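Next come the chains, spelled out residue by residue.
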Amino acid sequence: EVQLVESGGGLVQAGGSLRLSCPTSGFTFDDAALGWFRQAPGKEREGVSCISNSDGRTYYEDSVKGRFTISRDNAKNTVYLQMNNLKPEDTAVYYCATHYGDCNSDYEYWGQGTQVTVSS
């Protein structure tokens, strides 16, 4: 069974940093695209970043460009999201997701989410 378990969220002051981790199991990690999504209170879920399986190409939502970095460690079957210079508007539940498909297409498997709260 495919499993993804996010961790690393918490409460941080504006300007601070967090690193989210998502160790995974139950699928062929090296062949999968991986993505990070978030959902803020009262808002729809949005894509934050994704990383391709084939060439490692990355994509970022405009509001996080230059602040967030996605990476993957195939040896550990883990995807990370380094978040720097956090802003209050980054407050959301963050989810990692995966599928055997394009980086920017529908994702099939999801983690349970980890809360990120940024205070002003």
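Predicted model, so just to flag it, every value in this text is computed and none were measured. (Residues numbered from 1 in each chain as written. Predicted model: local features only at pLDDT ≥ 70, side-chain atom pairs only at ≥ 80, totals over all residues. Heavy atoms only, no water.)

### Focus on the overall build of the protein chain
Line of reasoning, step 1. Tallying secondary structure elements over the protein chain gives 0 helices and 11 strands in all.
Line of reasoning, step 2. Reading the protein chain from its N terminus to its C terminus gives the helix and strand order β-β-β-β-β-β-β-β-β-β-β.
Line of reasoning, step 3. Relative to the compact-globule value of 14 Å for 120 residues, the protein chain shows a C-alpha radius of gyration of 13 Å, a close match.
Line of reasoning, step 4. In terms of overall dimensions, the protein chain has C-alpha extents of about 40 × 25 × 25 Å along its principal axes. (Helix = DSSP H or I, 4+ residues; strand = E, 2+ residues; numbered from the N terminus. Rg over C-alpha atoms; globule rule 2.2 N^0.38 Å.)

### Remarks on the environment of aspartate 90
Line of reasoning, step 1. Among the secondary structure elements, aspartate 90 is positioned in the loop between strand E8 (78–83) and strand E9 (92–99).
Line of reasoning, step 2. The residues contacting aspartate 90, other than those within four sequence positions of it, are Arg38, Arg67, Phe68, Asn85, Val116 and Val118. (Contact = heavy atoms within 4.5 Å.)

### Regarding the side chain of arginine 38
Line of reasoning, step 1. With respect to the secondary-structure elements, arginine 38 resides in strand E4 (residues 33–39).
Line of reasoning, step 2. Here serine 63 takes part through its side chain, which lies 3.2 Å from a polar atom of the side chain of arginine 38.
Line of reasoning, step 3. Side chain to side chain, arginine 38 and tyrosine 94 meet in a polar contact 2.9 Å long.
Line of reasoning, step 4. Apart from the residues within four sequence positions on either side, arginine 38 is in contact with Glu44, Arg45, Glu46, Val48, Glu61, Ser63, Val64, Phe68, Asp90, Ala92, Val93 and Tyr94. (Polar contact = N/O pair within 3.5 Å; in protein donor to acceptor, adjacent residues only side chain to side chain.)

### Quick word on the pattern of salt bridges
For side chains bearing opposite charge, pairing can occur when the charged atoms are close.
Line of reasoning, step 1. With the rule as written, the count across this model stands at 4 salt bridges.
Line of reasoning, step 2. When the shortest N-O distance is used, the salt bridge between arginine 38 and aspartate 90 registers 3.0 Å. Of this pair, arginine 38 sits in strand E4 while aspartate 90 sits in the loop between E8 and E9, and the two are 52 residues apart along the sequence. Neither residue differs from the other here; arginine 38 and aspartate 90 are each classed as buried.
Line of reasoning, step 3. Between arginine 67 and aspartate 90 there is a salt bridge, and its shortest N-O distance comes to 2.7 Å. A residue pair is termed long-range when its members are at least 10 positions apart, and arginine 67 in the loop between strand E6 (58–60) and strand E7 (68–73) and aspartate 90 in the loop between E8 and E9 qualify at 23 residues. The pair arginine 67 / aspartate 90 is uniform in exposure class, with both members buried.
Line of reasoning, step 4. Salt bridges here are not isolated pairs; linked through shared partners, they connect Arg38, Glu46, Arg67 and Asp90. (Salt bridge = Lys/Arg side-chain N within 4 Å of Asp/Glu carboxyl O. Buried < 20%, exposed > 50% of the residue type's maximum accessible area, 1.4 Å probe, protein only.)

### Section: the nonpolar core
Line of reasoning, step 1. With 25 residues, the main nonpolar core has Trp36, Phe68, Val79, Leu81, Met83 and Tyr94 as its most contacted residues.
Line of reasoning, step 2. Contributing elements (two or more residues each) for this core: strand E3 (18–25), E4, strand E5 (46–51), E7, E8, E9 and strand E11 (114–119).
Line of reasoning, step 3. Apart from the residues lying within four places of it in its own chain, the contact partners of leucine 81 are Leu18, Arg19, Leu20, Trp36, Val48, Ser49, Phe68, Thr69, Ile70 and Tyr94.
Line of reasoning, step 4. Ala33, Phe37, Ala97 and Tyr107 belong to the second largest nonpolar core, which has 6 residues in total. (Core = buried A, V, L, I, M, F, W, Y, C linked by side-chain atoms within 4.5 Å.)

### Quick look at the state of the cysteines
Line of reasoning, step 1. Across all of its chains, the model carries 2 disulfides by this definition.
Line of reasoning, step 2. At a sulfur-sulfur separation of 1.9 Å, the disulfide partner of cysteine 22 is cysteine 96. As the torsion about the S-S bond is roughly 45°, the cysteine 22-cysteine 96 disulfide counts as right-handed. Placement of cysteine 22 in strand E3 and of cysteine 96 in strand E9 is noted, with a sequence separation of 74 residues between them.
Line of reasoning, step 3. By relative accessible area, which is 0% here, cysteine 22 ends up buried.
Line of reasoning, step 4. Of the residues examined, cysteine 96 reaches a relative accessible area of 0% and is grouped as buried.
Line of reasoning, step 5. Bridging cysteine 50 to cysteine 103, the disulfide has an S-S length of 2.1 Å. (Disulfide = S-S within 2.5 Å.)

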